[in-house]
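An overview of the molecular structure
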Protein chains: 2
Amino acid sequence: MTLPTLLVLDADPLPRLGRLTGRVRVEHADASTLAGLLPAADVLLVWDFASHAVREAWPGEGPRPRWVHTASAGVDHLLCPELAVSDTVVTNARGIFDRPIAEYVAALVLALAKDLPRTLALQRERTWRHRESRKVAGTRAVVVGSGPIGRAVSGTLTALGVTTALVGRTARAGVHGPDDLDRLLARADWVIAAAPLTSSTRGMFDARRFGVMQPSAHFVNVGRGQLVVQDALAQALRRRWIAGAALDVFETEPLAPDSPLWDLPGLVVSPHMSGDTVGWRDELGEQFVELYELWAAGRPLPNVVDKQRGYVPGH
Amino acid sequence: MTLPTLLVLDADPLPRLGRLTGRVRVEHADASTLAGLLPAADVLLVWDFASHAVREAWPGEGPRPRWVHTASAGVDHLLCPELAVSDTVVTNARGIFDRPIAEYVAALVLALAKDLPRTLALQRERTWRHRESRKVAGTRAVVVGSGPIGRAVSGTLTALGVTTALVGRTARAGVHGPDDLDRLLARADWVIAAAPLTSSTRGMFDARRFGVMQPSAHFVNVGRGQLVVQDALAQALRRRWIAGAALDVFETEPLAPDSPLWDLPGLVVSPHMSGDTVGWRDELGEQFVELYELWAAGRPLPNVVDKQRGYVPGH
């Protein structure tokens with residue numbers, strides 16, 4: 001009996017794959033070897049989720065893995081037209097990042113409301129300067145993205161007394177459709193981007209949308225950098241169209257040392273870390289092993305991505 | 001008919017006292033004039049709650065106001081033995097600061113868990129450095145102080161998934177007594193000081209108690225500076241007995257520019273602002289007017305301080 005071949009896109013060893021020992025033949029690929037190894041692989045595990053190698057290696061003739069799993073919530077880095085129309089099943093790490101990202105957003109919202117960045121700057125100058133800060137309870141947030149991450153963000157903000165509106169691709173119970181977005185933005189204190197990157201969300205936060213927001217509003221992006229027109233955000237901050245922003249994701253990562261974003265007034269820059277709490281790689285490894293057990297038993301997989309829409313359809 | 005005399009300890013004009021126009025004669029005092037004006041006052045409003053002038057002016061012979069209200073939660077700045085044994089009723093601003101301080105503590109806990117101070121430092125250096133952060137849900141907090149502020153802190157942390165224990169002066173339903181403190185400290189991730197300053201809480205966070213805490217623990221003080229032996233905290237941080245701390249209150253305020261606390265490793269210094277959200281002075285003024293209406297009508301006052309214990313006894 002031939003063992004299935006599991007191709008792992010990552011040179012590093014993986015936690016938690018030991019449970020599959022003897023049941024699968026593991027090969028490792030990097031961007032330069034992926035195209036050559038794809039035809040012989042039954043399963044592709046995209047462990048290096050920052051890589052775009054799949055999108056580059058996939059096109060072309062020949063056999064392809066029947067299943068691709070990515071250790072990330074977003075799938076924008078791997079979907080290409082050829083993969084989208086193929087029979088290959090794509091799954092993601094739905095569920096792992098929800099709570100950590102919700103906490104991260106809450107940390108930013110509270111830190112901005114309490115003016116913590118300024119407090120830390122004054123501390124460096126040994127300056128005691130009392131200021132009034134904002135009460136978070138009773139403020140309004142709009143969370144764009146109604147998947148598990150957006151819902152977790154909404155739940156955490158609601159627990160802090162923030163009146164929160166969720167905006168998704170289509171209106172449904174508890175979720176506003178895109179038609180409501182501008183009206184909600186116009187009265188939001190906090191605008192949270194937690195949407196997948198798709199053709200309909202790319203660049204959705206542009207100059208017009210920042211212009212709709214209140215001068216007292218803060219913008220937080222924990223989705224994907226390309227949801228935002230970075231120049232428009234820079235302009236909105238410089239001209240004080242909005243009060244501040246926090247970005248954890250960027251068009252190009254890592255952010256270049258000479259990017260003007262590093263010292264934009266009122267902008268907090270963090271290095272795409274919102275979902276990555278201690279133990280996250282173990283959790284991602286365990287999740288893949290659980291999915292592999294199902295796949296090997298011929299049972300249906302959870303977390304299956306709608307390759308046309310670019311995310312796992314949910315409630 | 002003679003109007004009652006309301007003596008206000010503060011040179012600044014007060015918001016919201018307009019409602020009392022024509023019903024009270026308002027005089028203003030500062031530290032140098034207070035002793036001379038006390039005998040003729042019916043009511044003393046301690047608006048400058050950072051002042052110790054009451055404690056210094058009160059002792060001595062003669063008539064004294066029948067009611068003293070302080071626009072603060074703590075009463076440590078005004079209680080002196082002569083006031084404590086007198087018939088004068090003391091009330092405080094119970095209720096105004098609960099939610100803001102709870103949010104402030106949540107902001108610090110989340111910011112420390114997510115390593116936000118380091119993120120901001122790396123941003124200044126234009127350095128992209130991904131780190132793993134801590135999940136807050138599932139961690140343990142001890143909140144020392146079981147009054148409205150401590151309970152609000154506990155409620156907010158609980159809403160974030162933190163397992164929270166309240167410690168008060170006496171054990172009762174939902175509140176641990178002092179005997180449980182060391183055991184709780186030994187397994188806490190977050191230790192929050194939110195107690196009034198009394199003879200039994202002064203200096204309670206000393207070298208021994210910091211030694212009991214876990215090396216991964218963080219300490220937050222939003223109560224009074226004198227709850228903490230500052231040198232012991234400094235030593236605990238330098239020796240890495242605990243992972244970090246945030247102080248909003250200090251033995252001496254404002255903190256002197258040459259204080260070693262400003263650049264202690266792992267310490268966040270803020271200028272006694274945790275409870276002061278936009279509109280707080282209006283709220284304090286409105287609260288006093290409401291109490292004045294009751295007092296003028298001869299009705300019982302809420303928020304009456306137990307002058308022996310040094311706080312408003314509660315549930």
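Quick notes on the rules
- Residues numbered from 1 in each chain as written.
- Chains lettered and ligands numbered in written order.
- Predicted model: local features only at pLDDT ≥ 70, side-chain atom pairs only at ≥ 80, totals over all residues.
- Heavy atoms only, no water.
- Axes fitted to C-alpha atoms, helices over the stretch in contact; angles between N-to-C directions.
- Helix = DSSP H or I, 4+ residues; strand = E, 2+ residues; numbered from the N terminus.
- Parallel < 35°, antiparallel > 145°, perpendicular 65-115°, else oblique.
- Left-handed = near helix turned anticlockwise from the far one by under 90°.
- Contact = heavy atoms within 4.5 Å.
- Pairing = 2+ DSSP bridges.
- Buried area = accessible area lost by both parts, 1.4 Å probe.
- Salt bridge = Lys/Arg side-chain N within 4 Å of Asp/Glu carboxyl O.
- Phe/Tyr/Trp six-rings, centres within 6.5 Å; stacked < 30°, edge-to-face > 60°.
- Buried < 20%, exposed > 50% of the residue type's maximum accessible area, 1.4 Å probe, protein only.
- Lys NZ or Arg CZ within 6 Å of the ring centre and 35° of its normal.
- Polar contact = N/O pair within 3.5 Å; in protein donor to acceptor, adjacent residues only side chain to side chain.
- UniProt positions renumbered as here; feature names shortened; annotations may be inferred.
- Right-handed = clockwise from strand over helix to strand, strands pointing away.

This brings us to the packing of helix α5 (residues 116-124) of chain A against helix α5 (residues 116-124) of chain B. Where α5(A) contacts α5(B), the axes come no closer than 11 Å and their chain directions differ by 70 degrees. Classified by the angle their axes make, α5(A) and α5(B) are roughly perpendicular. Note on packing geometry: the crossing formed by α5(A) with α5(B) is right-handed. On α5(B), the residues touching Leu116(A), Pro117(A), Leu120(A) and Arg124(A) of α5(A) are Leu116(B), Pro117(B), Leu120(B) and Arg124(B).

All names here are of chain B. Overall, parallel pairing links the 6 strands, which are arranged β7-β6-β8-β9-β10-β11 in an open sheet. For this open sheet the edge positions go to β7 (163-167) and β11 (267-269), each flanked by a neighbour on one side alone. In this sheet, adjacent strand axes meet at a mean angle of 15 degrees when their direction is disregarded. As paired strands, strand β9 (residues 218-221) and strand β10 (residues 244-247) are joined by 4 bridges and run parallel to one another. Residue pairing in the sheet places Val220 in a bridge with Ala246 of β10.

So, about the interface of chain A and chain B. Residue-level contacts link 56 residues of chain A with 56 residues of chain B. For the chain A and chain B pair, buried surface summed over both sides reaches about 4900 Å², with 63% attributable to carbon and sulfur atoms. Here Glu283(B) makes a salt bridge to Lys135(A), at a shortest N to O gap of 3.7 Å. Where the side of chain A that touches chain B is concerned, the elements lending two or more residues are α4 (98-113), α5, α6 (148-159), β11 (267-269) and α10 (280-296) of chain A.

Bringing the packing of aromatic side chains into the picture now. Taken as a whole and judged by the stated rule, the model has 21 aromatic pairs over all chains. Ring geometry for Trp128(A) versus Phe250(B): centroids 5.6 Å apart, planes at 70 degrees, classification edge-to-face. Pair noted here: Trp128(A) is in the loop between α5 and β6 (140-144) and Phe250(B) is in the loop between β10 and β11, and the two residues belong to different chains. Phe250(B) gets classed as buried once you look at its relative accessible area, which sits at 2%. Through a chain of ring-to-ring contacts, the aromatic side chains of Trp67(A), Phe288(A), Tyr292(A) and Trp295(A) assemble into a single cluster. The ring of Trp58(A) has Arg64(A) lying over it, and the distance from NZ or CZ to the ring centre is 5.9 Å.

Residues and elements named next belong to chain A. Structurally, Asp189 is set in the loop between α7 (181-185) and β8 (190-193). Looking at Asp189, its side chain comes within polar contact range of the side chain of Arg134, at 3.3 Å. Filtering out sequence-adjacent residues up to four positions away, Asp189 remains in contact with Arg134, Thr139, Arg140, Gln214, Ser216, Ala217 and His218.

A separate point is the UniProt feature "domain: D-isomer specific 2-hydroxyacid dehydrogenase NAD-binding" (unreviewed entry) in chain A. Per the UniProt record, "domain: D-isomer specific 2-hydroxyacid dehydrogenase NAD-binding" (unreviewed entry) is found at residues 107-274 of chain A. Annotated as residues 107-274 of chain A, this span is 29% helix and 15% strand, and its ends, taken at the C-alpha atoms, are 10 Å apart.

Our focus in this paragraph is the pairing of strand β10 (residues 244-247) of chain A. Residues and elements named next belong to chain A. Alternating positions in β10 separate into two faces, Gly244 and Ala246 on one and Ala245 and Leu247 on the other, with burial throughout. Between strand β9 (residues 218-221) and its parallel partner β10, the chain crosses via helix α9 (residues 230-238), and the hand of that crossover is right-handed. In the sheet, β10 pairs with β11 via 3 bridges, with the strands oriented parallel. Note on β11: the bridge partner recorded for Leu247 is Val269.

What follows concerns the side chain of Asn221(A). All names here are of chain A. Checked against the element boundaries, Asn221 lands in strand β9. According to the relative accessible area criterion, Asn221 is buried, its value standing at 1%. Within the structure, Asn221 has its side chain in polar contact with the backbone nitrogen of Gly223 (distance 2.9 Å). Apart from residues no more than four positions distant in its own chain, Asn221 is found in contact with Ala193, Leu227, Val228, Ala246, Leu247, Asp248 and Val249.

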